[in-house]
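Structural features, examined
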Amino acid sequence: MHSETDVIIIGAGSAGLSAAKELARLGLRSTVIEASHRIGGRAYSEEIVPGVWFDLGCAWLTDGDANPFAEIANRLGIALGRATWDAYNNSDDHRFIRNGTRLTGEEHAACRRYYVDSYAAIAAAAGSEPEPSIGDVIDLESPCAPPFLESIATGWGVDVDGVSCADNTSSGGALGYPVPHGYGNLVAAWGADVEVTLNARAECIDWSGPGVAVETPKGTIRASLALVTVSTGMLASGELNFAPLLPDWKLEAILGLPMGTENKMGIAFYTDVFGADGRGHHTVWSDDAESAKVDVNGMGFNSVSVFTGGRHGIWLEKQGPQACHDFAVDRIAEIFGNDIRKHVIRSITTAWSTEPWTRGSWACALPGQAYQRDVLARSIDDRLFFAGEATSVGKQGTCDGAYRTGIRAAQEIAAHLKGAS
Ligand SMILES: Cc1cc2nc3c(=O)[nH]c(=O)nc-3n(C[C@H](O)[C@H](O)[C@H](O)COP(=O)(O)OP(=O)(O)OC[C@H]3O[C@@H](n4cnc5c(N)ncnc54)[C@H](O)[C@@H]3O)c2cc1C
């Protein structure tokens, strides 16, 4: 670890890695420190069974070929699941399963209409004063409300009463391409040429003097300035100290963008228990169990991702991995029948709300607080710069959004350092 550098980058996720590469391209020295034992942050793949990868965090390249990671994957010779695009991006193909039975054509059409009307109501309310939550503008009594509430709880990581109508993501529901070899593996392969000091958490960023000094368990690093790319969950936790404290306007931005939670349960099966028509999105709800989103074979293998979010997602996470596994298998059995149970090989369950270096899945603006993303992105005293998914406007909560914020911050830093020299 270099103890003197131009820029200290805190965090080796998508934003920190893209910033390091952009600074190098612009001729500036940076030192990247990462709290955990690996790079990638919320881009993280694990092998669920030999040769089958499960992404605990990001899995889909939003916006398809417009996503910078599409070109990166191409350059690195990593294949994208382009053939999966149609099955997952056609909203008519979204299956609704209520009490173990798929909705009829007419019921399905009514739910699709409910989704369209609800999203229109959310868009119309965005930015109004005072801004309502999503829960205030949709028809909660509709029989189609349960799957929609699940979409919000997993898509935003927060229940409808806690989400800003203005904090819409730009992907408009389209998922893009999966990465069969793992999106986390793709980010790790792309970031492998960046020198990163692992197991080196920033404990305190001292910006009381002319530059910055970052204390880590491996020693103190000094630089002209620091780029902070950690999540708002980490910034709000008090585990990363600033001396002097961050100004009130920055603290208000952090508090306006608390972390949502989406958890995933990956279940691998010995055989194809879904049938030729089984692949795609399902939302499952019933009178006596919480709802879930179920993506079948998204990665092109005999595997399923079950998603929970919001309060129920956090509650289930607290019950532990076995409870998450059981919940996921029960939901899959509601779609494909009880026989699937004997074909389960293995599961991986996530616990993002308690993940020590993230403390949630992504930042979700409280009602009336979506503007804080711009505020969070603003530098302080030309010494503390900020990047990361929470600072993206429109591509928040995505890996490519985080990537773009790293480039943006690196260019701001370069303009400042070159202007100052
Ligand atoms: C369940 C889930 C599903 C998702 N699905 C998708 C998807 O399909 N498509 C998509 O595009 N995006 C998806 N995302 C979002 C995407 O993964 C994130 O937006 C993106 O990876 C965030 O990158 P980042 O660089 O902003 O933050 P991070 O990846 O969190 O990087 C920050 C880094 O800082 C480190 N750190 C924290 N504290 C310290 C400290 N004190 N000192 C040093 N280092 C520290 C962390 O360990 C981490 O590595 C998903 C996320 C989750 C959790």
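For clarity, every value in this text was computed on a predicted model and none was experimentally measured.

Some words on the packing of aromatic side chains
Scanning all chains against the criterion turns up 11 aromatic pairs. Taking the centre distance of 5.2 Å and the plane angle of 85 degrees together, the rings of Phe69 and Trp190 count as edge-to-face. With Phe69 in helix 2 (residues 68–76) and Trp190 in helix 7 (residues 183–191), this pair connects stretches of sequence that are 121 residues apart. In this structure Phe69 comes out as buried when scored by relative accessible area, which is 0%. Residue classification places Trp190 among the buried residues on the basis of a relative accessible area of 6%. Through successive ring pairs, a cluster of aromatic residues spans Phe96, Tyr114, Tyr115, Tyr119, Phe148 and Trp285. We note Lys264 situated over the ring of Phe54; from NZ or CZ to the ring centre the distance is 5.7 Å. Against the face of Phe307 rests Lys293, its NZ or CZ located 4.4 Å from the ring centre.

Quick look at the site of the ligand
The full set close to the ligand counts 34 residues, and Glu34, Arg42, Ala202, Glu389 and Cys399 are the nearest of them. The side chain of Glu34 places a nitrogen or oxygen atom 2.6 Å from an oxygen atom of the ligand. Backbone polar atom of Glu389 to an oxygen atom of the ligand: 2.8 Å apart, as the coordinates give it. Bound to the protein, the ligand loses 97% of the 1000 Å² it would expose on its own. Sorting the residues of the shell around the ligand by element identifies helix 1 (14–25) and helix 13 (399–420) as the ones contributing at least two each. If you tally residues by element for the shell around the ligand, the top one is helix 13, at 3 residues.

Observations regarding the pairing of strand 2 (residues 30–33)
As defined by bridge partners, strand 1 (residues 4–10) adjoins strand 2 across 4 bridges and the pair is classed as parallel. Counted as the bridge partner of Ile9 is Val32 from strand 2. At this point the chain moves from strand 1, through helix 1, to the parallel strand 2, and the crossover so formed is right-handed. Examined bridge by bridge, strand 2 and strand 9 (residues 196–197) share 2 bridges and lie parallel to one another. Of the residues in strand 9, the one forming a bridge with Ile33 is Thr197.

Looking at the domain arrangement of the protein chain
As far as domains go, the protein chain holds domain 1 (4–39 + 194–258 + 364–420) and domain 2 (45–181 + 262–354). Of the residues lining the interface, 16 residues belong to domain 1; the matching set on domain 2 comes to 22 residues. Of the roughly 1400 Å² buried between domain 1 and domain 2, counting both surfaces, carbon and sulfur atoms make up 59%. In this structure, the connection of domain 1 to domain 2 is made through 2 salt bridges. Its salt-bridge partner being Asp167, residue Arg373 comes within 2.6 Å of it at the nearest N-O pair. Counting across the domain 1 and domain 2 interface gives 10 residue pairs in polar contact (both at pLDDT 80 or more). Among the elements that line the side of domain 1 that touches domain 2, the one with the most residues is helix 13, at 4 residues. Tallied by class, residues from the side of domain 1 that touches domain 2 come to 7 nonpolar, 5 polar and 4 charged.

Comments concerning the pattern of salt bridges
Taken as a whole, this structure holds 19 salt bridges when the rule is applied. One salt bridge connects Asp6 with Arg29, and the closest N-O pair in it is separated by 3.5 Å. With Asp6 in strand 1 and Arg29 in the loop between helix 1 and strand 2, the pair connects residues that are 23 residues apart, well separated along the chain. Look at Asp6 and you get buried, because its relative accessible area is 17%. Between Lys395 and Asp63 there is a salt bridge, with its nearest N and O atoms 2.7 Å apart. With Lys395 in the loop between strand 21 (384–386) and helix 13 and Asp63 in the loop between strand 5 (60–61) and helix 2, this pair connects stretches of sequence that are 332 residues apart.

Examining the sheet that holds strand 16 (residues 280–286)
Spatial strand order, 7-6-16-17-18-15-19: 7 strands in an open sheet with mixed pairing. Of all strands in the sheet, those bounded by a partner on one side alone are strand 7 (101–102) and strand 19 (344–349). Two elements, strand 15 (residues 262–269) and strand 18 (residues 303–309), share 7 bridges in a ladder whose sense is antiparallel. Directly across from Ala268, in strand 18, lies its bridge partner Ser303. The sheet contacts of helix 6 (residues 145–155) involve strand 6 (95–98), strand 15, strand 16, strand 17 (289–296) and strand 18, and relative to strand 18 the element is tilted by about 90 degrees.

Here's the deal with the nonpolar core
In this structure, Leu61, Phe69, Tyr183, Leu186 and Leu227 are the most contacted members of the largest nonpolar core, which totals 41 residues. Setting aside residues no more than four positions away along its own chain, Leu227 makes contact with Val7, Ile8, Ile9, Ile10, Ala19, Phe385, Phe386, Ala387, Ala409 and Ile413. Ala200, Trp207, Ile254 and Ala365 belong to the second largest nonpolar core, which has 32 residues in total.

The rules we used
Residues numbered from 1 in each chain as written. Predicted model: local features only at pLDDT ≥ 70, side-chain atom pairs only at ≥ 80, totals over all residues. Heavy atoms only, no water. Phe/Tyr/Trp six-rings, centres within 6.5 Å; stacked < 30°, edge-to-face > 60°. Helix = DSSP H or I, 4+ residues; strand = E, 2+ residues; numbered from the N terminus. Buried < 20%, exposed > 50% of the residue type's maximum accessible area, 1.4 Å probe, protein only. Lys NZ or Arg CZ within 6 Å of the ring centre and 35° of its normal. Near = heavy atom within 4 Å. Polar contact = N/O pair within 3.5 Å; in protein donor to acceptor, adjacent residues only side chain to side chain. Areas by Shrake-Rupley, 256 points an atom, 1.4 Å probe, with all protein chains shown as cover. Pairing = 2+ DSSP bridges. Right-handed = clockwise from strand over helix to strand, strands pointing away. Domains from an automatic or database assignment. Contact = heavy atoms within 4.5 Å. Buried area = accessible area lost by both parts, 1.4 Å probe. Salt bridge = Lys/Arg side-chain N within 4 Å of Asp/Glu carboxyl O. Nonpolar A, V, L, I, M, F, W, Y, C, P; charged D, E, K, R; others polar. Axes fitted to C-alpha atoms, helices over the stretch in contact; angles between N-to-C directions. Core = buried A, V, L, I, M, F, W, Y, C linked by side-chain atoms within 4.5 Å.

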